[in-house]
Amino acid sequence: AMVCMSSPSRDRPKPLRLISPPWTDDSPRRLEIDAALPADDPARRVAEVVAALDLARLVASYAGVGSPAYPPEILLRVVLFEILRGRLSPGRWAADCSRDDALKWLTFGAAPSRSCLFRFRDRIAPHLDALLASALHTARARGWTTAGRIALDGTFTGSYASRHKPMKAKGLDERCRQLDAAVTADLAAAPADHSPPASPLDSATAADHSPPQPPPAWMATTPGGRFRQRRLYHQARARLGDRQRARDAQASRRSRAQRRKARPLKASPTDPEAVLGLDKTKVFRPLFDIQLARDLDSNFILGYEVFAAATDVGLLAPMLDRTEALTGVTPEVVLADGTYANVIELEACRERAVTLYAPPQGGEAATKADGRSAASEPGRKITKAEFTWLAESKTYRCPAGHELRLERRGVQRRFGGRELVELQYRCPGELCRACSLAARCTRSPQGRIIKRSEHDDLLEDLRRRMASPEGRELYKLRSRTIEREFADLKCHRGLRQFSVFGLARSRAQVGLLILIHNGLEFLKALRRTAEAPADGPQAAQPPPAA
């Protein structure tokens, strides 16, 4: 066994080697650009945002690694200024650095290359949460936000992968086989000192197939490209297998009469992490789900996340946890749309002492705003919400006054494998057949059936909140807040489609957009505080220590 002894050189701090930009504050060309820039130019605001951020950990990540690098604050200025203008590609950033005077002013004349900006985009990703959390904690300490009330919603945004080339399992299997053979041939032909990274390929299996000659048009033309392509195709095939097993398990829990022939599953080989679904323009494509939590009492975005999901179901609890991680507190009030108004999400809210406002699922409310019963409207279908739950006798009373009987107890399976106890109540058939409301209530001669889960009391509380005047007035704030943020991201920041592959890079792209958004709001709050009277409430609260 080899024992590594510590040496004095290992205990020394690693050197930090940074490139000095061509200009200084007194350089004539920078002074010339500075005189031409308007006082409220976005470049000046971006410079103020970056100066307010604590970049110590980001700078420390450059210590003792690689060749000399540009100062991280200069590169961050480039990134934030460009995405503020809706330009999300590092290739465009590099081109703008050499011809845009505002960027030259921000970078002190430096012109980082495309590869440098691509690497910086990946390097800053692990530090985004800490930067956002620091700004939000300061905003809370200064009284600019309480983080107690949020509006929550999601939007489906297209992945960078092509929407024209999703593949079924059979096609993926064939291409994986061809790539396995091609990579095996590359490994055999490569010199010993220039061989590609070790492959997990089973060479005994791959030896049975010779590489295609000539290679098909879809296959990469270089050994490194084929190696990366093989990894993506195998990842897509594994993801497709997981989805197929989940679908089979779900189908096995249904009776034969309820089973339907499902369409073959597909996956995107260029972005295996993306899911296939309809985006906001109703185009079927690989996509990700962006979730935002927006403060109701300020313009700060208090939480964000990107999920590989084609539905918002089951994402409320993770978003509450993300918001708490960034702000330090769990919100007390959440406004959301009807997708989140299910018993699973309501139970998660109760566990966290959160009050949810969302349009309840399961039909309209039993009464109108003027107090009239919905059952009094002729020709209208009577819904479950119009049946009255009798807590003392543990049963329902129908709009005609008949009490239902407990018929059976079962288990209902919900999203994420969660199981809920479900009770089934039935009105006696003889009472339903003789009832004057039977035509609008049920067609079954055995009587109307009402199902109740173990957490239906949470749905009833939600209906009462949403029917109250206070609840209706509060819920109007949702469309005025969260919908505006999504419109800003798509229309002004260019995020109608991700410009990167993969879930991690997509998340980093959204994080950078949220960072500049919150940074600008931070500056506005600072200016309001500076303009406020000295004895104002905000002036009495000092900022927290960095």
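Described below are features of the structure shown in this document. (Residues numbered from 1 in each chain as written. Predicted model: local features only at pLDDT ≥ 70, side-chain atom pairs only at ≥ 80, totals over all residues. Heavy atoms only, no water.)

## Considerations on the pattern of salt bridges
Line of reasoning, step 1. Throughout the structure, instances matching the rule amount to 38 salt bridges.
Line of reasoning, step 2. Of the charged contacts in the structure, one is a salt bridge between Arg29 and Asp101, with a shortest N-O distance of 3.1 Å. Placement of Arg29 in helix H2 (residues 28-36) and of Asp101 in helix H7 (residues 101-107) is noted, with a sequence separation of 72 residues between them.
Line of reasoning, step 3. Given a relative accessible area of 30%, Arg29 falls into the partly exposed group.
Line of reasoning, step 4. Arg478 is the partner of Asp153 in a salt bridge, and the nearest nitrogen-oxygen pair spans 2.8 Å. (Salt bridge = Lys/Arg side-chain N within 4 Å of Asp/Glu carboxyl O. Helix = DSSP H or I, 4+ residues; strand = E, 2+ residues; numbered from the N terminus. Buried < 20%, exposed > 50% of the residue type's maximum accessible area, 1.4 Å probe, protein only.)

## Observations regarding helix H17 (residues 456-467)
Line of reasoning, step 1. Given a rise of 1.5 Å per residue, 12 residues ought to cover 16 Å, and the 17 Å separating the end C-alpha atoms of H17 matches this to within 8%.
Line of reasoning, step 2. For H17, the complete set of buried residues consists of Asp456, Leu458, Leu459, Glu460, Leu462, Arg463 and Met466.
Line of reasoning, step 3. Taken together, the buried residues of H17 touch helix H14 (343-351), strand E6 (355-357), strand E7 (388-390), strand E8 (395-397), strand E11 (449-453) and helix H18 (469-492). (Expected span 1.5 Å × (residues − 1). Contact = heavy atoms within 4.5 Å.)

## Focus: the packing of aromatic side chains
Line of reasoning, step 1. Under the criterion given, the structure shown has 7 aromatic pairs.
Line of reasoning, step 2. Note on Trp218 and Tyr233: the rings are 5.7 Å apart at their centroids and 45° apart in plane angle, and the pair reads as tilted. With Trp218 in the loop between helix H11 (203-206) and helix H12 (223-252) and Tyr233 in helix H12, the pair connects residues that are 15 residues apart, well separated along the chain.
Line of reasoning, step 3. Note on Tyr233: relative accessible area 6%, which makes it buried.
Line of reasoning, step 4. For the ring pair Phe288 and Phe498, a centre distance of 5.9 Å and an interplane angle of 80° mean the geometry is edge-to-face. Of this pair, Phe288 sits in strand E3 (residues 284-295) while Phe498 sits in the loop between H18 and helix H19 (503-531), and the two are 210 residues apart along the sequence. Summarising the burial analysis for this pair, Phe288 and Phe498 share the class buried.
Line of reasoning, step 5. Taken together, Trp389, Tyr396 and Tyr425 form an aromatic cluster joined through their ring pairs.
Line of reasoning, step 6. In this structure, Arg44 is placed above the aromatic ring of Trp105, and the distance from its NZ or CZ to the ring centre is 5.3 Å.
Line of reasoning, step 7. Positioned above the aromatic ring of Tyr357, the side-chain terminus of Arg465 is 5.7 Å from the ring centre. (Phe/Tyr/Trp six-rings, centres within 6.5 Å; stacked < 30°, edge-to-face > 60°. Lys NZ or Arg CZ within 6 Å of the ring centre and 35° of its normal.)

## Quick look at the side chain of Arg478
Line of reasoning, step 1. Considering the arrangement of structural elements, one finds Arg478 in helix H18.
Line of reasoning, step 2. Apart from residues no more than four positions distant in its own chain, Arg478 is found in contact with Ala151, Leu152, Asp153, Leu335, Ala336, Asp337 and Glu483.

## Let's talk about the packing of H14 against H17
Line of reasoning, step 1. Interhelical geometry of H14 versus H17 gives an angle of 85° and a closest axis separation of 9 Å. Relative to H17, H14 is oriented roughly perpendicular. Listed contacts from H17 to Val343, Leu346, Glu347 and Arg350 of H14 are Asp456, Asp457, Leu458, Leu459, Leu462 and Arg465.
Line of reasoning, step 2. Broken down by class, the residue content of the contact of H14 with H17 amounts to 5 nonpolar, no polar and 5 charged. (Axes fitted to C-alpha atoms, helices over the stretch in contact; angles between N-to-C directions. Parallel < 35°, antiparallel > 145°, perpendicular 65-115°, else oblique. Nonpolar A, V, L, I, M, F, W, Y, C, P; charged D, E, K, R; others polar.)

## What about the pairing of strand E2 (residues 275-278)?
Line of reasoning, step 1. Relative to E3, E2 runs antiparallel, the two being bridged by 4 bridges. Residue pairing in the sheet places Val275 in a bridge with Leu287 of E3.
Line of reasoning, step 2. Remark: 5 residues form the turn of the hairpin made by E2 and E3, two consecutive strands paired antiparallel; Lys282 in that turn has positive phi of roughly 65°. (Pairing = 2+ DSSP bridges.)

## Some remarks on empty space enclosed by the protein
Line of reasoning, step 1. Inspection of the entire model under this criterion finds 1 cavity of 30 Å³ or more.
Line of reasoning, step 2. Taken together, the residues of the lining of the largest cavity sort by class into 11 nonpolar, 2 polar and 1 charged. (1 Å grid on protein atoms, 1.4 Å probe; cavity = no way out; pocket = protein on both sides within 12 Å on 5 of 7 lines; lining within 4 Å. Points joined across faces, edges and corners; volume = space filled by probe spheres on them.)

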